[in-house]
Amino acid sequence: MKIAVIGSGYVGLVAAACFCELGHDVTCVDNDAGKLKLLREGQVPIHEEFLPELIARHHRTRLHFSGNLAEVVHASTAVFIAVGTPSKENGEADLSYVESVARELSQAINGYKVIITKSTVPVYTSKWIRQVLLLNGASSNDFDVVSNPEFLREGKAITDFLFPDRIVIGVTEERAVRVMDEIYAPLSTGAYYLAADSIPAPTHFKGPAQVIYTSAASAELIKHAANAFLAMKISFINAVANLCEAVNADIEDVCKGLGSDSRIGPRFLRAGIGYGGSCFPKDVAAFRSVARNYGCEFGLLEEVERINSGQRARFMRKVRSALWTLKGKKLGVLGISYKCGTDDVRESPAVSIIHELLAEGAEVKAFDPAATGRARQIFGSQVTFANDAYEVADNSDALLILTDWEEFSELDLNVIREKLNYPIVIDGRNLYNRQKMSKAGLVYHSIGRPSVDLERLAAASPGLAC
Ligand code: UGA
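What comes next concerns the included structure. Throughout, residues of each chain are indexed from 1 in the direction in which the sequence is written. Under the rules for a predicted model, residues below a pLDDT of 70 receive no local features and side-chain atom pairs below 80 are neither given nor counted, while totals for whole chains, interfaces and linings still include all residues. In computing side-chain values, all of the structure's heavy atoms are included and hydrogens and water are not.

## Considerations on the site of the ligand
Consideration 1: When we say a residue is near a molecule or strand, we mean one of its heavy atoms is within 4 Å of it. The immediate surroundings of the ligand are formed by 19 residues, with Leu 152, Glu 154, Lys 223, Asn 227 and Arg 270 found nearest.
Consideration 2: In protein, a polar contact requires one atom able to donate a hydrogen and another able to accept it; more generally it is a pair of N or O atoms within 3.5 Å, and residues adjacent in sequence count only if both atoms are side-chain atoms. A distance of 2.8 Å separates an oxygen atom of the ligand from a polar atom in the backbone of Arg 270.
Consideration 3: To measure how exposed things are, a 1.4 Å probe is used in the Shrake-Rupley method; for residues, cover is taken only from the protein chains shown. Bound to the protein, the ligand loses 95% of the 710 Å² it would expose on its own.
Consideration 4: Of all elements in the fold, only helix 10 (216-247) and helix 12 (280-293) reach the threshold of two or more residues within the shell around the ligand.
Consideration 5: Class assignment for the residues of the shell around the ligand results in 9 nonpolar, 2 polar and 8 charged. Labels follow the DSSP assignment, with helices taken as runs of H or I lasting at least four residues and strands as runs of E lasting at least two, numbered in each case from the N terminus. Amino acids outside the nonpolar list (Ala, Val, Leu, Ile, Met, Phe, Trp, Tyr, Cys, Pro) and the charged list (Asp, Glu, Lys, Arg) are all regarded as polar, and Gly is one of them.

In structure tokens form, the structure reads like this:
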């Protein structure tokens, strides 16, 4: 199948590389000349597991890049729209990029095309795209519009794409169904998994994905509802974690008990400093706006957002209560990206906490395995950037864990303790075992779990100073 992917951001680039992996011929269209140049040279502008391998595997054979939308659309049967849908001031999704692509498409259509939205869009976007195409002269015989939302997590996007739980296809026209079937056949039949060089399956993968055919409006709602539900799960567990702190219970044990109920499930129950990234904050707000616009107030989502931003404020209170005043304190920060496995710092809880620490007069030294470059653009010389976690701990008054990078959980705690000025670790991601922290002589505060506090540590080991 000849496929055009309009937009080569996280979603577009991943989808393009994965469609090539499924055997299709793909051209990515972008209007950013700098990005195109980079991509044509075979460079990968984002940090994403397996993406460099797939781009290297398919570049110039099945994967191409172009700035000429009309030319690429002429040569394609399926056209995926994967441009940005940023938030407007009022929380609504800004669909102007989608609309302008639809206008361009109306001029470029030269025979039957299936036009598919991959970007996260509010309900009825497919209907609007259809109207824009018709109003701008495209013939209704020459196209169908499909909603085919993605469920890709950054950092795991390639495996999420190639080993999905489900594939949602919102379209009712038979001719478009045939095209969509052909595109996803290697996944729905499982043929891709038999290939000798296929990307390794994740441990939870249970076999070929279910394909869910539905209307475009339902498909669009599935995407927003899925993200809102996952965000709600995180806020729910964070609220329970806060209660755990109040009654001296342990959120890890509570999660074990809760998540082992197969109706609830254990995933997305990690308490912490809240969710961030380019999807959950934006999509929860957009879903609320959609509901409001159709006369259905969704107050539950307001509470989800309130709990989420409250987690950052609670973390700041923990920092203050461990260190008293923050002015002039030297604070080491591990993690800047919004979660592990990515260099993305958009809406990162870590970034907003660092801003607050700086506003209170603390000196911040930070390290992130992937996001330092992006963090430099935000903080410039306000933050000192270290080359590794130990350099961060060195001469810091406390260590703050803000992103759940696995490598942070494997640090030598004795070395950390020796390097710190005070043996204090405040963990916003629950990366460490409390007993181990106590054994290493570290005061340890985390989320929803009893602390290893200074008094307890001092009683066990009178010579506490580092
Ligand atoms: C999310 C969804 O998981 C994807 O299914 C969806 O396709 C994507 O948004 C999107 O709409 O494009 P993503 O934002 O990449 O993916 O990251 P997640 O792994 O979902 O994490 C989001 C945030 O929640 C992170 O800040 C993470 O640290 C936090 N989180 C996640 C928790 O605090 N606790 C958890 O248990 C899980």
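## Details of the sheet that holds strand 14 (residues 443-445)
Consideration 1: Taken in spatial order, the 6 strands make up an open sheet running 11-10-9-12-13-14, and their pairing is parallel. Bordering the open sheet on either side are strand 11 (383-385) and strand 14, each of which pairs with just one other strand. Across the sheet, the mean angle from the axis of one strand to that of its neighbour is 20 degrees, orientation sign disregarded.
Consideration 2: For two strands to pair, DSSP has to find at least two bridges joining them. Two elements, strand 13 (residues 424-427) and strand 14, share 3 bridges in a ladder whose sense is parallel. Note on strand 14: the bridge partner recorded for Ile 426 is His 445.
Consideration 3: The sheet contacts of helix 13 (residues 299-323) involve strand 9 (330-334), strand 12 (398-401), strand 13 and strand 14, and relative to strand 13 the element is tilted by about 170 degrees. Every axis corresponds to a line fitted to the C-alpha atoms, with the helix fit spanning only the stretch in contact, and the corresponding angles, defined between N-to-C directions, vary from 0 to 180 degrees. Any two residues whose heavy atoms approach within 4.5 Å at even a single point are treated as in contact.

## Description of unusual backbone geometry
Consideration 1: Even without being a glycine, Phe 50 presents a positive backbone phi close to 75 degrees.
Consideration 2: Considering the arrangement of structural elements, one finds Phe 50 in the loop between helix 2 (33-40) and helix 3 (51-58).
Consideration 3: Note on exposure labels: buried denotes an accessible area under 20% of the residue type's maximum, exposed denotes more than 50%, and partly exposed covers the range between, all computed with a 1.4 Å probe on protein chains only. A relative accessible area of 18% means that Phe 50 is categorised as buried.
Consideration 4: One non-glycine residue, Glu 347, lies in the positive phi region at around 50 degrees.
Consideration 5: Within the secondary structure, Glu 347 is located in the loop between strand 9 and helix 14 (349-359).
Consideration 6: Overall, Glu 347 belongs to the partly exposed group, its relative accessible area being 49%.

## Some points on the nonpolar core
Consideration 1: Take the buried Ala, Val, Leu, Ile, Met, Phe, Trp, Tyr and Cys residues and link them wherever side-chain atoms come within 4.5 Å; each set so joined is a nonpolar core. Core analysis: the largest hydrophobic core is formed by 60 residues, its most contacted members being Leu 357 and Leu 400.
Consideration 2: Top contributing element to this core by residue count: helix 14, with 6 residues.
Consideration 3: In contact with Leu 400, other than residues within four places in its own chain, are Phe 315, Val 319, Leu 331, Gly 332, Val 333, Leu 334, Leu 357 and Ile 426.
Consideration 4: One finds Phe 19, Cys 20, Tyr 193 and Phe 205 within the second-largest nonpolar core, a separate group that totals 50 residues.

## Remarks on the environment of Asp 283
Consideration 1: In this fold, Asp 283 is placed in helix 12.
Consideration 2: Take Asp 283: its relative accessible area is 2%, and that puts it in the buried class.
Consideration 3: Residues Asp 283 and Pro 122 lie 161 residues apart in sequence; the distance between their C-alpha atoms is 9.0 Å.
Consideration 4: Non-local contacts of Asp 283, meaning those with residues more than four positions away in its chain, are made with Thr 120, Lys 223, His 224 and Asn 227.

## Thoughts on the pairing of strand 7 (residues 166-170)
Consideration 1: Here strand 7 lies mainly inside the structure; 4 of its 5 residues are buried.
Consideration 2: As judged from the 5 bridges shared by strand 7 and strand 8 (residues 210-214), these two strands associate in the parallel manner. Each residue of the ladder has a partner; that of Val 168, found in strand 8, is Ile 212.

## Structural notes on the packing of aromatic side chains
Consideration 1: Within 6.5 Å between ring centres, the rings of Phe, Tyr and Trp (the latter by its six-membered ring) count as paired, and their orientation is classed by plane angle as stacked under 30 degrees, edge-to-face over 60, tilted in between. Within the structure shown, the criterion is met by 15 aromatic pairs.
Consideration 2: Measuring from centroid to centroid gives 5.0 Å for Phe 163 and Tyr 193, while their planes differ by 25 degrees, and the two rings are stacked. Of this pair, Phe 163 sits in the loop between helix 7 (157-162) and strand 7 while Tyr 193 sits in helix 9 (residues 191-194), and the two are 30 residues apart along the sequence.
Consideration 3: Taken together, Phe 19, Phe 80, Phe 161 and Tyr 184 form an aromatic cluster joined through their ring pairs.
Consideration 4: Here Lys 127 stacks its cationic end above the ring of Tyr 124, 5.0 Å away from the centre of that ring.
Consideration 5: Two conditions define a charge sitting above a ring: the NZ of Lys or the CZ of Arg must be within 6 Å of the ring centre, and it must be within 35 degrees of the ring normal. Geometry around Phe 151 places Arg 166 over its ring, the cationic atom sitting 3.5 Å from the centre.

## Focus on helix 15 (residues 372-379)
Consideration 1: Three or more residues of helix 15 are buried, namely Thr 372, Ala 375 and Phe 379. Along the long axis of helix 15, the arc covered by the buried residues comes to 55 degrees, so they all point the same way.
Consideration 2: Residues of helix 15 that are buried in the fold lie against helix 14 and strand 11.
Consideration 3: Count one or two residues on from helix 15 and you reach Gly 380, which has phi positive near 50 degrees. What the arc covers is the set of directions going from the helix axis to the C-beta atoms.

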